[in-house]
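Descriptive structure summary
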Amino acid sequence: MESKRVKAALVFCVLFVLWIVAKPFLSEVDPVIVKDTREEIRRETGVRELLPPEDRISISQLPDGVFGYASPSRLEEIGHIDFVPLGRDSGKATGEQRVEIHKTSEGKIVVALYVSQGDVALLGDPGRKMPLLVDACLREHGKCDRLIGLPFSRLITWHSKSEKEKDNGTGLVEIRVR
């Protein structure tokens, strides 16, 4: 009798762990936004540019419906996006790599990136159940020719490539997504 209870408890524990691991892939995911321009993504997400008093304030303290820029290395710690400060400076004038981040009108976080057309198709595949490893760029370049708004809820990891690995200053990042 006791061994049946132990077996039942073990089966329950295994099934529970499997459910916890699979849950992110079984639940609905926020769709990737695919547009031709940043302005179109901004309209889709319902954002406006940061105002001067909002410059360099952490995402969690900003109102919904704004966009700004952050250093790509600040996204290395995926779980701490709320503490990343957004700035008004896109880095264009200095050539600094900056990633455009939106806090949508619904309060969701979206990152603007360029990926390949093939990766756009994979990201939009509703039948895909496994994480996807994608090379993305902060600016359009080479195979990174499709602009997307990637919901932060889909990001599992973010890794900024080293200077030697970067692709002609385009801000190459390796991301793992749901």
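Presented here is a report on the structure given in the accompanying data block.

Conventions and cut-offs
- Residues numbered from 1 in each chain as written.
- Predicted model: local features only at pLDDT ≥ 70, side-chain atom pairs only at ≥ 80, totals over all residues.
- Heavy atoms only, no water.
- Helix = DSSP H or I, 4+ residues; strand = E, 2+ residues; numbered from the N terminus.
- Buried < 20%, exposed > 50% of the residue type's maximum accessible area, 1.4 Å probe, protein only.
- Contact = heavy atoms within 4.5 Å.
- Areas by Shrake-Rupley, 256 points an atom, 1.4 Å probe, with all protein chains shown as cover.
- Pairing = 2+ DSSP bridges.
- Arc of directions from axis to C-beta.
- Salt bridge = Lys/Arg side-chain N within 4 Å of Asp/Glu carboxyl O.
- Axes fitted to C-alpha atoms, helices over the stretch in contact; angles between N-to-C directions.

Here the focus is the overall build of the protein. Secondary structure assignment for the protein yields three helices and eleven strands. Starting at the N terminus and ending at the C terminus, the protein contains elements arranged as α-β-α-β-β-β-β-β-β-α-β-β-β-β. Within the protein, the proportion of its 178 residues that are buried is 39%. Considering only contacts within the protein whose residues lie at least 6 apart along the sequence, 69% involve residues at least 24 apart. When the accessible surface of the protein is totalled, it reaches about 10,300 Å², and 57% of it is carbon and sulfur.

So, about the pairing of strand E11 (residues 173-177). Alternating positions in E11 separate cleanly, Val 173, Ile 175 and Val 177 being buried on one face and Glu 174 and Arg 176 remaining unburied on the opposite face. Strand direction decides the pairing type here: strand E8 (residues 132-136) and E11, joined by five bridges, are antiparallel. Its bridge partner lying in E11, Leu 133 is registered against Arg 176. Pairing of strand E10 (residues 155-160) with E11 involves five bridges; the strand directions are antiparallel. In the strand pairing of E11, His 159 is matched with Glu 174.

Listing the buried residues of helix H2 (residues 38-45) in full gives Ile 41, Arg 42 and Thr 45. Buried residues in H2, looked at end-on, bunch into an arc of 100 degrees, giving them a common side. Of the surrounding elements, those touching the buried residues of H2 are strand E1 (33-35), strand E4 (66-70), strand E6 (99-103), strand E7 (109-115) and strand E9 (146-151). Note on H2: the residue one or two positions beyond its end, Gly 46, has a positive phi of about 70 degrees.

This part is about the pairing of E6. When you tally the buried positions in E6, you get five out of five residues, the bulk of the element. In this structure, E6 lies alongside E7, joined through four bridges in antiparallel fashion. By the bridge assignment for E7, Ile 101 is matched with Val 111. Hairpin connection from E6 to E7: five residues lie between these consecutive antiparallel strands, with Gly 107 at a positive phi of about 85 degrees.

Moving on, we come to the pattern of salt bridges. According to the stated counting rule, one finds eleven salt bridges in the structure shown. For the salt bridge of Arg 48 with Glu 54, the shortest nitrogen-to-oxygen distance reads 2.8 Å. We classify Glu 54 as buried; its relative accessible area is 11%. Salt-bridge contacts for Glu 174 lead to Lys 161; the nearest nitrogen and oxygen are separated by 3.5 Å.

Paired through backbone hydrogen bonds, the strands of a sheet run either parallel or antiparallel to each other. In spatial order, the strands read E1-E9-E7-E6-E4-E2; together these six strands make up an open sheet with mixed pairing. Of all the strands in the sheet, just E1 and strand E2 (48-49) have a single pairing partner and so form its edges. Bridge analysis of E7 against E9 gives six bridges, and the strand direction is antiparallel. Bridge assignment links Val 110 to a residue of E9, and that residue is Pro 151. The strands touched by H2 within the sheet are E1, E4, E6, E7 and E9, with E1 carrying the most contacts at an inclination of about 140 degrees.

Worth remembering: the numbers are spatial, not functional.
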